[in-house]
Each structure stands twice: as C-alpha cells, then as structure tokens.
Amino acid sequence: MAATVKYDDVETGQEIPAVDYPVRRVNLVMYAGASGDFNPIHWNERFAKAVGLPDVIAHGMFTMAQGGRFVTDWAGDPGAVVDYGVRFSSMVVVPDDEQGAVITVSGLIEQKLEDKRVVVALTARSADSRVLSKARAVVQLA
C-alpha cells in the first residue's frame, strides 16, 4: 500500500479539514481490553471522581491514536507515517450519556521535506480544550 496523497499536490500552509471522532465509554472499555490499561479512571465514574477528576477520562494513548488515525486516513496508508509525536495537554472527559465526547482533529502542512516527505502539524480538541499539543507527524507521500 502506498500513500494516495501526492507530494506535488500539497503546499506548505495547506489545511487538512477537521474530522470529528466520537468517544463513548464503550470505546474506552474496548481500548482498555486491547491495551491492557484497565486503570479505573478510564471506566469507573465513582473512582475517577474520588481521585479528583471531573468524570471518566479517555486514555492518553487513545487520544493520541485519534491523531494518528486522522493522518493515516488523510495519507491513505498507515505505513506512510514515518514519525509521530505529541504532548498531552488536557483530558478528554467522557460523560456517561448518549453523546459521550468528541475529539476534533485538524491538520496543517507545516513543512515540505526532501524525499517526498511532509511535516503535518495537528490540532486536537475536545470540548473547549486543546487535548494534544506539539503534535506532529512526518508523512511519506507518493
């Protein structure tokens, strides 16, 4: 599989449209099973509130994964992401209701590199908070 986005078709400063990723408690339970991270702050409201959190929160790595998903969906190939890093800047609070939470991810072509690679700067928000900061991916394009 190769990236479907062509290097010659992108420019520095080009925006990648935002995508919303819904998050519900069931997603956190499934992620806990896949990752082995069963910390009760990610599924037990009573426990989360007892330790001072506003409610159950998403796993940081789950949140980071939504940024990775955004980049791989845009590029058209998971193998096109050659480097990816973030800092966690806020929590994704996931209420126990029909709506849950939403992580909104958008991107910007920050730099064009040699060998058909680009640096994509990501913005990830949930509610009124930026949940990832310094989020960058280096992507190998076609």
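Look a little higher up for the structure.
What counts and what doesn't
Residues numbered from 1 in each chain as written. Predicted model: local features only at pLDDT ≥ 70, side-chain atom pairs only at ≥ 80, totals over all residues. Heavy atoms only, no water. Patch = residues over 30% accessible without salt bridge, like charges linked within 9 Å, V, L, I, M, F, W, Y side chains within 5 Å. Areas by Shrake-Rupley, 256 points an atom, 1.4 Å probe, with all protein chains shown as cover. Salt bridge = Lys/Arg side-chain N within 4 Å of Asp/Glu carboxyl O. Helix = DSSP H or I, 4+ residues; strand = E, 2+ residues; numbered from the N terminus. Buried < 20%, exposed > 50% of the residue type's maximum accessible area, 1.4 Å probe, protein only. Expected span 1.5 Å × (residues − 1). Contact = heavy atoms within 4.5 Å.

**Brief notes about a nonpolar patch on the surface**
A cluster of nonpolar side chains, namely V29, F38 and W43, defines an oily patch on the protein surface of about 320 Å² accessible area. By the element assignment, F38 lies in the loop between helix 1 (25-35) and helix 2 (45-50).

**Looking at the side chain of D55**
By secondary structure assignment, the location of D55 is in the loop between helix 2 and helix 3 (60-75). The exposure class assigned to D55 is buried, which follows from its relative accessible area of 11%.

**Let's talk about helix 3**
For helix 3, built from 16 residues, the straight-helix expectation of 22 Å at 1.5 Å per residue is met to within 8% by its first-to-last C-alpha distance of 23 Å. As for helix 3, its buried residues are in contact with strand 1 (15-23), helix 1, strand 2 (81-88), strand 3 (101-112), strand 4 (117-126) and strand 5 (129-140). Backbone geometry just after helix 3 places G76 at a positive phi near 90 degrees.

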